[in-house]
Amino acid sequence: MDTEELVRKCQAIVLKEEEEDTITIMGKMREAGEEIAANCLVGKILLTRGVNREGLRAAMQQAWRTVKEVKIESMGENTFLFKFASEGEKKRVLMGGP
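Residues numbered from 1 in each chain as written. Predicted model: local features only at pLDDT ≥ 70, side-chain atom pairs only at ≥ 80, totals over all residues. Heavy atoms only, no water.

Participant: Residue-level account of the nonpolar core, with values.
Facilitator: Leu 56, Met 60, Trp 64, Phe 82 and Phe 84 are the most contacted members of the largest nonpolar core, which has 14 residues in total. Counting residues per element, this core draws most heavily on helix α3 (residues 53-64), at 5 residues. What Phe 84 contacts, discounting residues up to four positions off in sequence, is Asn 39, Leu 41, Trp 64, Thr 66, Val 70, Glu 89, Lys 90 and Val 93. (Core = buried A, V, L, I, M, F, W, Y, C linked by side-chain atoms within 4.5 Å. Buried < 20%, exposed > 50% of the residue type's maximum accessible area, 1.4 Å probe, protein only. Helix = DSSP H or I, 4+ residues; strand = E, 2+ residues; numbered from the N terminus. Contact = heavy atoms within 4.5 Å.)

Structure below.
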């Protein structure tokens with residue numbers, strides 16, 4: 001699958017309300033988490049096989065058209081943490097998809 005095809009497929013993904021999970025964090029852990037999370041998003045790739053992190057980074061960089069590089073950390077089971085250079089860039093991506 002080439003990058004453009006991956007971008008098209010990502011743009012077609014929409015979560016239904018019942019598919020969205022909520023996690024509650026309290027106290028000092030919440031404060032620390034808010035600082036870290038201000039520039040981050042978590043995403044899950046819905047494939048049965050593993051995903052190449054560098055290929056994913058290149059595809060998302062192209063799809064999101066970010067000014068600075070998006071850093072990606074694997075969280076296991078095709079779940080990734082996307083770290084943006086700024087909270088503003090993260091918000092723009094979140095509002096515009098995919």
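Participant: Account for the packing of aromatic side chains, naming residues and giving values.
Facilitator: Taken as a whole, this structure holds 2 aromatic pairs when the rule is applied. Taking the centre distance of 5.2 Å and the plane angle of 80° together, the rings of Trp 64 and Phe 82 count as edge-to-face. Here Phe 82 lies in strand β3 (residues 79-83) and Trp 64 lies in helix α3, a separation of 18 residues in the sequence. Just as Trp 64 is buried, Phe 82 falls in that class too. (Phe/Tyr/Trp six-rings, centres within 6.5 Å; stacked < 30°, edge-to-face > 60°.)

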